[in-house]
Every structure is written in C-alpha cells, then in structure tokens.
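# Architecture and fold: a report
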Amino acid sequence: MQRPASTSIADEGTDAQDNKNVGDQVTLTYTVENTGNGVLNVTDITSANPSNVTVDSISTTAFTVGAGATATFNVLYTPTTAGAFSFDLDITSDDADEGNYDLTVSGTGTGTTAPEIDLQRPASTSIADDGTDAQGSKNAGDQVTLTYTVENTGNAVLNVTNITSTGASNVTVDSISTTAFTVGAGATATFNVLYTPTAAGAFSFDLDITSDDADEANYDIAVSGTGATAPEIDLQRPASSSIADPGTDAQGSKNASDQVTLTYTVENTGNAVLNVTNITSTGASNVTVDSISTTAFTVGAGATATFNVLYTPTAAGAFSFALDITSDDTNEGNYDLTVSGSSGPDEAETVATTQQAIQNFAGKRMVMITSQGPGLSGFLGGDGLGGGFNGFFGDSPVGLNFSGDSDRNQGSFSTSLQQFINAEQRAYARKLAQNGAAEGGGVPGESQSPIRSPANIWIKGRWTHAKEDRGNIDEKSDFGIVYIGTDWRHSKDLLIGLMGQIDWADEKSTGLNIEAEGKGWMLGPYVVSRLTDTLILDLRGAWGQSDNKVNPLGTYWDSYDSERWQIEGNLTGSFDHDRWHVAPSLGWNYFEEKQKAYTDNNGFRIGEQTASLGSLNFGPTASYTLRETDDGLLIRPLVGLKGVWDFDAPDITAVNGLAVGTEGLRAQLKVGINLRTVKGLTFQGSYTYDGIGVSDFESHTAELSLSMLLRSSALPKGSSIQGSYSLQGINYLNSFEQRSEDAQRAKLSIDIPF
C-alpha cells in the first residue's frame, strides 16, 4: 500500500495527515502494488472507527491487480471540528500473509466552526437573502402551499429560532408549519407556508428566518405574485359534506330493484362564475342509472346548486357506477367520483315471501300425508294388512301397483308377516287338495285359520310424481311415504300396534318462483276395534320432526327444522240388505307442523310459524246388484255422497292451481256403474259433480275405465292391467282466479302381486 505512489505504508501503519481545515473535504489517493507473481484480488475496502471526521466515500472497494502491476482508489473525508481526528482503513485481499491490510488515517482539524444557512424552493434551488420567490398567477381565494428547504452548508449546528411573515398585501398568510428547529452541519430541514390571495391583482408578503448564522442571522425573502379570479368546484352529499376528486360515495346496502335518489350539491368556493357543462354516468355494474335531473348549469361565486341522480340496483350483490362532472374549474375540470354499494332483497318482503313459501310447502305436504294414510280399518281382515293403497289383491304376500299418465306417475307396495303366513297356508291347503283329489279324497276337514299368530309386522309405501300447470304455476312435485308397523291382536275384534313413518317431498314452481324439499318422520300408537259386526273404529296418534330446505326467491337455499304431530280416527261401516250394499264412513284428521325460527342467508330473522290441517269427512256409498251370475257376470250401479269440512285449513297460496282453505264445508256427488263379463273383463263408468255448498267453484268429471286379469305364466296369479280416461270441466269464480278449464287425462295402471 502506497501514498503517494512508491511510498509504502506498512500493514498496521499510520497515514499522517497533519493539519486539515475543519469542514473541508480531503481526497486521498492510494496505490496498491502487487509485488508478487500472481494476480492479487482485492475483495473489500472499508472504513471504521471515525473520530471527529466523516468518511464521505471510497471510490472502489473491489478490483484485481496483475503480477507486478498497480491500481489506485480514492478516499474522501472531512474533519468535523477543530482537534484531533482519525479513522481506520481495512483492505481485504487474497494476499497470503496480509489478507487484512490495516492502516490508521489521523491528523488535526484546524480553523473555526460555524453554521451557514441556505434557503431553497424547490429543494436544491437557492433563494438569496433579500431575494424574491415569484409565484406567478394564483387564483384569488385558493389556498397555496409553499414548501421551503433550509440547508446548513456550514460545519456547526444551525439553530433557526423564528420564522415570521410581515407586510402582507392583498394576501393572507394562513400558517407557517414550524418556526423553530435545528439543522445539523451539512443537513437540511423543511417548513411549509400556506397563503391565500385575497382578490384579483398583485399580492406580496415578506418572510424573515431568524437563526445563528453569523452573517445572515435575518434571512429575508419577498413572496409575490398576481391574484386571479377563478371558479372552484366542491361536490357535496349531503350538503356541507365534501366528496374529494376523485372520491367514492359509499351507498351501503340497498334493496335490489328499489330506486334510490341521490341529491348532490355543487358549491362554487371560487370568486368567479362556475360553468358546469355536462354530467355523465359510466361503468354501471349491476345497477341502472335511471336519470340525472340536470346536466348543465351555472353557479355564482360563493353560491350552490343541486342535481339529482336516480339509480336502481339490478340484483343482489355489489354494484357501482361512475359520475363525471365537467366544468371550467381550472384544476378540476373533470370532477370524478364512484358511487358504490351492495344490494340485497327487501327484508320485510323477503321474510313474508319465505314464510309463505314454507306455509305452501307444509300445507301441501300435510295434504299428501293425510290423504295417503295406512288404512287401519282393514287390519282386522284375514291378511293382517288393510287398505288405503289400491292394487293389493290375490294370494301373493307382496303387492305392487304402478300407474301413470301425462301429468302423474305413481307406484305403491305393501306386504306383511301375516301375508307371508297366509300365502304359505294357502299354498299348503292347495297342496293338500291336490293330494286328496289324486287319492280320490278331498281336502282335510280341519280348516286352516287365516290368522295363526296374534303378532304381525307390516310395511306399506307409496311414491307420486306430479306436474301441474293450472293457474300458471308450472309446478313439479315428488312425494313418497313409507309406513312400518307392528301390532298385537288382543282378540278377533281388537288390535293394538305401534307405527312409524318416513316421508319425503320436493316441489318446484316456476310460476310461484319457489323450490322446497324436506324429509320427515313420525312415530305413534294405533288401535283398531270392531265395535259391531258391521262397524269398525280405528284411532292413531303420532309425533315427529322434519328437516327442510326452501328456495323462496330462486337465488339461495335456506334450511330449517320443524316439529309435527297428528291424530286421526275413522269409523267405517259395511251393511248388506238383499241386493243392497251400503258403506257409510266418518273420519277426522288433524295435522299440525311448527316451523322453528331461523336466520336466512340474507341475515333476516324468519320467525316461528305453525301450519295446520283439520278436516272431517263423511258420507255413504251405496250399490245395488242388478245381476250376478255364477259364471262371473256382474252388473252393479252405485251412488256416493262425500262431504268434507275443513275446520282448520292451511294457508296455501295455491295448490294445483286453486286457492285452498277458502271454504269450510263442501260435498261431492258420484254416480256410476260396474260391469264384469263372464271372461273377467271389468268396465267402470262414473260421473262426479264437485262443488256442492261452494259458491265459487264447481267441477264436472266423467270417467271410463277398463281392467282385465293378465293370464301369463311369466306373471304372478292375480296380476291385472287397467286403463282409464277422464274428462273434467272446472269453473273458478273466486278472487284468486276467474276462468274455466277443461282437462283430459288418460291413465294406465298395472297391479302385480309377487
């Protein structure tokens, strides 16, 4: 290491500087000579331990030196104050024995120390003491901010003790951000001056910076310019609440499809007339900007004007649009803001719609459940499984039924332990008969009782898929129910049991914009008693729960739970006199379902509500056998009257296109005839009038059906097929709808007992 060149400085040596002026920067040029026979790699040069000195820079810190060659680098430093100063230099290289070459640079700072002020605006642009800071033209009434930089070019701390303004002419000096501060040697500090020209014409004021600078203790400048007249726009909503340019007018949450009116105030805070030339909206997202009340107007100096913007959120979700106000404001000629928020459904309307949808679904499901009961009165029959579902006959232990038409498909099944026992007994009896005939004998005299055990287990199920277009509701629905029970026959006239049920339902109505689905269960006891030879009473009760989902607006699903209970009783008679057969009936049914309160997807509280269905049905059916022969011919006309009193009807908007729950008592009259040929072909024809006791509804229905046994080795004995055609005319006269409709329906049904 050499300084000057060819004058070596030993490792761990000292580079003596003698006396150096305080505040004067010194440049040292060092020469690195490689006296070896390989390339020297200098990897770093650093300074450390500065005392009363600032090491300003090192020109390069990494380089290579060829064998026998030299290279140089510069070190710049500045003594801080009078007195001794020093710092260390360390040169790192791949020299084998001097990998860290260290030396100390030391000397003495001489001379006096003093601060030196320099005022600048902008930074690095000096304004001389007693100079002028020219402002040019400024709008009268507009506040102006000036940022000044104070640089201390001396070698001692500069103390600024005060900054004042004087001599204001046609101008107001509003504030000076700070008036006392210190600036280190070689450092800078800033302060702000805010002023407002008063009126059109020349304006000026003086600034005086007081400090401990030896020759510029009072640093004075004149600030001057010309005040001009100009408008100044300020947009507000509500009045007096400004919205910055560019800014956002947050709307919060608004109801989808509800029109919103915004009233904006334009204030002219300038001193000249403001001309608003256009107001436009752009970039509408999930919103419609319906109108802007006015798009061009003038606002006097210091005055205000208003305009309205009307918009409507389109659907649930975020929405936004931009407003642009074009005017002759010099610096805000296009005043822009964004109007944004979120939209959702109206709470009161949504709650009402949701509750009605739940009532609709609960009411329809109750109608389906109560109309498809297990038929307990038949449980006292020989097979231990009553009616309620059609299509179960023959000797087989399992009954199946399938039917369908353009609007409805359905299937059902039933079986029981007792049916299997009876089928086995009948098969055994036939076998005995066949054996007896082969031996020339007959069936053994001991009769086979159809019920051999007092205990029974049974199951019944039904599924229905239906479509309904009446009333423009465009509805599709599925409903299924399975009953499972066990009972004990206490005597030939009394049966006691326990029954459970599982049901599921779903519906979708495009016209009502509703979807719903649910699964439920119920459990309870039942009893069937033969009061007389011709009169049977059955009673049952059940309690259960259901899990449900509803889509009330067509955009989201809610889940809710409900509790339900049901009581049912039926009194069924069967009387024969000569050729007459009369079957009177009296039934009552009450079903209640309570929906539990919940919070929907919008955060709205859906309150608890109860749906209930209570009905009483009654009426006889009478038939007269005109002719019945041993070869199977049968001619039997019939007449029936059925009355229904809904003493508690569910609140349903529409069921199958009709308003329900509007009438308390109604009746239906049916006349018909049954014909059976000697070949087993059965024909049925009937006419039904519905609407007795009802003032605003009537229905006429004519139905023809034909059925026959299917005699095939591939099918169980007793299988049959039935086809039917019905024509119905309906008149609606109520406030729900006033119209007439004709409906035709063809139906095909197959019964297969397995």
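First, a word on what this report is: a plain description of the structure on this page. Bear in mind that the values here come from a model prediction, so they are computed numbers and not experimental data.

## Thoughts on the overall build of the chain
When its secondary structure is counted, the chain shows two helices and 47 strands. The proportion of buried residues among the 754 residues of the chain is 40%. Partitioning the contacts of the chain with sequence separation of at least 6, the portion at a separation of at least 24 is 65%. When the accessible area of the chain is evaluated, it comes to approximately 36,100 Å², of which 52% is carbon and sulfur surface.

## Side note on the sheet that holds strand β16 (residues 188–197)
Sheet architecture is open: five strands sit in the order β10-β9-β12-β16-β14, paired in antiparallel fashion. Edge positions in the sheet fall to β10 (126–127) and β14 (171–176), since each has one partner strand and no second. Bridge analysis of β14 against β16 gives five bridges, and the strand direction is antiparallel. Note on β16: the bridge partner recorded for Thr172 is Thr196.

## Here we look at the sheet that holds strand β25 (residues 304–313)
To summarise the sheet geometry, strands pair through backbone hydrogen bonds and adopt either a parallel or an antiparallel arrangement. As summarised here, the arrangement of the four strands in space is β19-β21-β25-β23, forming an open sheet in which the pairing is antiparallel. Each of the sheet's edge strands pairs with one partner strand only, and the pair in question is β19 (233–236) and β23 (287–292). Direction aside, the axes of adjacent strands within the sheet are offset by 30° on average. Sheet topology note: the β19/strand β21 (residues 260–268) ladder contains four bridges and is antiparallel. Bridged to Gln236 within β21 is Thr265.

## A word on unusual backbone geometry
Here Arg3 and Pro4 are connected by a cis peptide whose omega angle stands at -5°. Within the secondary structure, Pro4 is located in the segment before β1 (13–21). Residue Pro238 is reached from Arg237 by a cis peptide bond, and omega for that bond is -5°. Position of Pro238 among the secondary structure elements: in the loop between β19 and β20 (247–255). The backbone of Glu12 shows a phi angle near 75°, a positive value even though the residue is not glycine.

## Section: the nonpolar core
Tyr526, Val528 and Val550 are the most contacted members of the largest nonpolar core, which totals 31 residues. The element contributing the most residues to this core is helix α1 (residues 347–371), with seven residues. Formed by 26 residues, the second largest nonpolar core is a distinct cluster that contains Val276, Phe297, Ala305 and Leu337.

## Comments concerning the side chain of Asp646
Relative to the helices and strands, Asp646 resides in strand β42 (residues 634–648). When its relative accessible area of 15% is taken as the criterion, Asp646 is described as buried. A polar contact is formed between the side chain of Asp646 and the side chain of Arg666, at a distance of 2.9 Å.

## Quick look at the packing of aromatic side chains
Tallied over the entire structure, the rule returns 21 aromatic pairs. Both rings, one in Tyr264 and one in Phe307, keep their centres 5.5 Å apart while their planes meet at 25°; by these two values the pair is stacked. With a gap of 43 residues between them, Tyr264 in strand β21 and Phe307 in strand β25 connect regions that are remote in the sequence. For the pair shown, Tyr264 and Phe307 are each scored as buried. Residues Trp645 and Phe647 carry aromatic rings whose centres are separated by 5.5 Å and whose planes lie at 55° to one another, so their mutual orientation is tilted. By way of ring pairs, the aromatic residues Trp565, Tyr590, Trp645 and Phe647 are connected into one cluster. For Lys549, the ring lying beneath its charged end belongs to Trp557, and the centroid distance is 5.1 Å.

Rules used in this analysis
- Residues numbered from 1 in each chain as written.
- Predicted model: local features only at pLDDT ≥ 70, side-chain atom pairs only at ≥ 80, totals over all residues.
- Heavy atoms only, no water.
- Helix = DSSP H or I, 4+ residues; strand = E, 2+ residues; numbered from the N terminus.
- Buried < 20%, exposed > 50% of the residue type's maximum accessible area, 1.4 Å probe, protein only.
- Contact = heavy atoms within 4.5 Å.
- Areas by Shrake-Rupley, 256 points an atom, 1.4 Å probe, with all protein chains shown as cover.
- Pairing = 2+ DSSP bridges.
- Axes fitted to C-alpha atoms, helices over the stretch in contact; angles between N-to-C directions.
- Core = buried A, V, L, I, M, F, W, Y, C linked by side-chain atoms within 4.5 Å.
- Polar contact = N/O pair within 3.5 Å; in protein donor to acceptor, adjacent residues only side chain to side chain.
- Phe/Tyr/Trp six-rings, centres within 6.5 Å; stacked < 30°, edge-to-face > 60°.
- Lys NZ or Arg CZ within 6 Å of the ring centre and 35° of its normal.

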